[in-house]
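# Understanding the architecture of this molecule
The chain contents come next:
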Amino acid sequence: MLQVGVNGYGTIGKRVADAVRAQPDMTIAGVTKTSPDFAAEGARTAGYPLYACDEESVDEFHAAGLAVDGTVGDMVDASDVVVDATPGGVGAEYRPLYEARDTPAVFQGAEAPDVAETSFNARANFDDARDADYVRVVSCNTTGLSRLLAPLAETYGIEKVRTTLVRRGGDPTQSDRGPINDILPDPVEVPSHHGPDVQTIFPDLSIDTLGLTVPATLMHLHSVNVTLESTPDSRDVCDLLDAESRLFVVPERSGIGSCGQLREYARDAGRPRGDVWENCVWGESITVEERDFYCFQAIHQEADVVPENVDALRAMFDMADAEESVARTNAALGLERDGDARPDPRVAADD
Ligand SMILES: NC(=O)C1=CN([C@@H]2O[C@H](COP(=O)(O)OP(=O)(O)OC[C@H]3O[C@@H](n4cnc5c(N)ncnc54)[C@H](O)[C@@H]3O)[C@@H](O)[C@H]2O)C=CC1
Ligand SMILES: O=C(OP(=O)(O)O)[C@H](O)COP(=O)(O)O
């Protein structure tokens with residue numbers, strides 16, 4: 001059993017902890033919290049060993065009636081590997097502590113790529129993380145683009161990618177973020193940081209990205225155009241994408257026309273926290289004109305990187321190859337076509 005510590009038990013950290021615990025070959029050695037808030041209580045209720053982020057806050061936890069097992073260093077000592085899900089930049093500050101304790105770590109997308117030996121996406125470059133000590137799982141948007149581009153590149157070849165990312169303003173817990181009633185070019189620079197980030201996974205890819213931010217918390221929505229090196233039929237591309245376990249090609253007959261309905265669909269399916277781990281590609285939007293592929297896809301920002309963190313751990317410790325790891329992760333989470341009874345996208349509304 002791989003012993004995994006989670007440093008930073010926030011939006012991503014708590015989900016990664018639950019996903020790790022669901023796996024047959026890894027378990028949670030502990031999680032860290034900065035304060036004894038509701039999430040710390042939740043970690044205790046979940047049965048995770050709880051660590052304070054520093055000595056100063058230990059008394060605060062005790063005063064709140066929450067026992068802690070030590071501080072971050074103690075958790076690292078109890079772990080074979082750490083998933084660092086602290087806010088952007090904090091992970092880089094922690095790397096010397098992990099190195100001093102000879103403990104590998106997985107970092108998240110807001111860290112600079114040079115925090116790790118390689119950036120990671122299970123579908124696109126699993127083998128690059130094999131036996132690496134420090135790996136960075138790319139951001140939610142980059143993960144979403146990588147999953148979509150990998151099968152297109154392998155099957156048809158890619159000449160150029162152009163994508164506009166309509167970004168959610170904040171996560172549901174982030175009441176202090178906006179905009180409240182506006183639409184921002186964000187970042188205003190072109191290309192946005194997403195294109196170069198995708199190139200950490202596909203170094204030779206030609207990609208331009210633009211970002212907008214809107215007053216929503218549910219999901220990101222991508223408008224994608226890929227100029228291919230061949231001229232496939234739209235139906236064949238739909239089948240290709242539908243065969244990917246982490247792409248949900250949303251069928252017309254499902255009546256799902258919005259991010260809100262996608263989240264409701266996940267809640268109805270009994271997914272934890274209503275999480276949508278897959279990219280959601282609207283089947284009707286999959287269009288090929290000559291060599292140009294188009295689609296819309298929605299990305300649940302709180303969820304899509306979670307299975308990727310699990311796979312990164314298996315790659316680093318050579319516990320499985322890409323196919324086996326993805327299958328194991330999916331099965332443990334319940335991310336299988338048969339498991340969640342997702343409708344078949346090839347069945348049209350009037351069939
Ligand atoms: N929320 C999102 O949409 C996504 C976030 N990510 C990435 O995941 C990382 C974490 O993001 P979130 O989970 O959203 O942030 P968050 O703010 O929800 O969670 C971060 C956690 O780290 C804790 N923390 C802060 N300073 C700490 C310290 N010095 N030591 C230990 N813990 C500390 C915070 O108290 C909080 O619990 C970032 O790199 C982010 O870019 C990646 C994909 C999507
Ligand atoms: O990695 C993310 O988005 P990004 O790919 O647009 O940078 C996550 O949704 C976090 O975004 P945030 O930096 O707006 O919190």
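Residues numbered from 1 in each chain as written. Chains lettered and ligands numbered in written order. Predicted model: local features only at pLDDT ≥ 70, side-chain atom pairs only at ≥ 80, totals over all residues. Heavy atoms only, no water.

### A word on the site of ligand 2
In the vicinity of ligand 2, the residues found are Ser139, Cys140, Asn141, Arg167, Arg168, Arg177, His193, His194, His220 and Gln301. Note that an oxygen atom of ligand 2 is positioned 2.7 Å from one of the side-chain N or O atoms of histidine 194. At 3.1 Å, a side-chain N or O of histidine 220 approaches an oxygen atom of ligand 2. Notes on ligand 2: free accessible area 380 Å², of which the protein chains cover 71%. Mapped onto the shell around ligand 2, the elements with two or more residues apiece are α7 (140-156) and β8 (158-168). (Near = heavy atom within 4 Å. Polar contact = N/O pair within 3.5 Å; in protein donor to acceptor, adjacent residues only side chain to side chain. Areas by Shrake-Rupley, 256 points an atom, 1.4 Å probe, with all protein chains shown as cover. Helix = DSSP H or I, 4+ residues; strand = E, 2+ residues; numbered from the N terminus.)

### Notes on the domain arrangement of the protein
For the protein, the domain assignment lists domain 1 (2-137 + 305-332) and domain 2 (140-304). When each unit is reduced to the centre of its C-alpha atoms, the spacing between domain 1 and domain 2 is 26 Å. With 22 residues of domain 1 at the interface, the matching set in domain 2 holds 23 residues. Counting each side, the surface lost to burial between domain 1 and domain 2 is near 1800 Å², with a carbon and sulfur contribution of 44%. Its largest share of buried area at the contact with domain 2, domain 1 owes to Arg15, Arg123 and Val305, together 36% of the area lost on that side. (Domains from an automatic or database assignment. Contact = heavy atoms within 4.5 Å. Buried area = accessible area lost by both parts, 1.4 Å probe.)

### Considerations on the pattern of salt bridges
Two side chains with opposite charge may pair up if their charged atoms get near one another. In this structure the tally under the stated criterion is 26 salt bridges. For arginine 101, the salt bridge is made with aspartate 77, and the minimal N-O distance between the two is 3.0 Å. Here arginine 101, found in the loop between α5 (90-100) and β5 (105-107), pairs with aspartate 77, found in helix α4 (residues 72-77); they are 24 residues apart in sequence, far enough to count as distant. Ionic pairing is found between glutamate 99 and arginine 95, a salt bridge with its closest N-O pair at 3.1 Å. With glutamate 99 and arginine 95 both in helix α5 and four residues apart, this pair spans about one turn of that helix. Sharing partners across several salt bridges, the network here consists of Asp25, Arg147, Arg246, Glu308, Asp311, Arg314, Glu324 and Arg328. (Salt bridge = Lys/Arg side-chain N within 4 Å of Asp/Glu carboxyl O.)

### Here's the deal with the UniProt feature "binding site: NAD(+)" (unreviewed entry) in the protein
UniProt's entry tags Thr11, Ile12, Arg168 and Gln301 with the feature "binding site: NAD(+)" (unreviewed entry), counted in the numbering of this structure. Beyond its immediate chain neighbours, meaning those up to four positions away, isoleucine 12 contacts Ala85, Gln108, Gln301, Glu302 and Val305. Relative to the helices and strands, arginine 168 is located in strand β8. Take arginine 168: its relative accessible area is 14%, and that puts it in the buried class. With residues near it in sequence (within four places) discarded, arginine 168 still touches Gln174, Arg177, Thr213, Val214, Ala216, Thr217, Met219, His220 and Gln301. (UniProt positions renumbered as here; feature names shortened; annotations may be inferred. Buried < 20%, exposed > 50% of the residue type's maximum accessible area, 1.4 Å probe, protein only.)

### Quick word on the pairing of strand β4 (residues 81-84)
Residues Val81 and Val83 line one face of β4 and the alternating positions Val82 and Asp84 line the opposite face, and both faces are buried. Relative to β4, strand β1 (residues 2-7) runs parallel, the two sharing four bridges. By the bridge assignment for β4, asparagine 7 is matched with aspartate 84. Here β4 runs beside β5; their pairing, made up of two bridges, is parallel. Counted as the bridge partner of valine 83 is valine 106 from β5. As a crossover connection, the stretch from β4 through α5 into β5 is right-handed. (Pairing = 2+ DSSP bridges. Right-handed = clockwise from strand over helix to strand, strands pointing away.)

### A look at the site of ligand 1
The immediate surroundings of ligand 1 are formed by 23 residues, with Thr11, Ile12, Tyr94, Asp171 and Gln301 found nearest. Within the side chain of tyrosine 94, an N or O atom sits 2.6 Å from a nitrogen atom of ligand 1. A distance of 3.2 Å separates an oxygen atom of ligand 1 from a polar backbone atom of alanine 110. Coverage of ligand 1 by the protein chains reaches 79% of its 830 Å² of free accessible surface. Those elements that place two or more of their residues in the shell around ligand 1 are α1 (11-22), β2 (26-33) and α5. Its residues assigned to classes, the shell around ligand 1 comprises 10 nonpolar, 10 polar and three charged. When residues of the shell around ligand 1 are assigned to domains, at least three fall in each of domain 1 (2-137 + 305-332) and domain 2 (140-304). (Nonpolar A, V, L, I, M, F, W, Y, C, P; charged D, E, K, R; others polar.)

### Things to note about unusual backbone geometry
Omega for the peptide link from aspartate 186 to proline 187 comes to 0°, which places this bond in the cis form. Cis geometry marks the peptide bond from valine 190 to proline 191; its omega dihedral reads 0°. Topologically, proline 191 is positioned in the loop between β9 (184-185) and α8 (194-199). A positive phi angle, near 55°, is found at aspartate 102, a position not held by glycine. Of note, the phi angle at aspartate 131 is positive, near 65°, even though the residue is not glycine.

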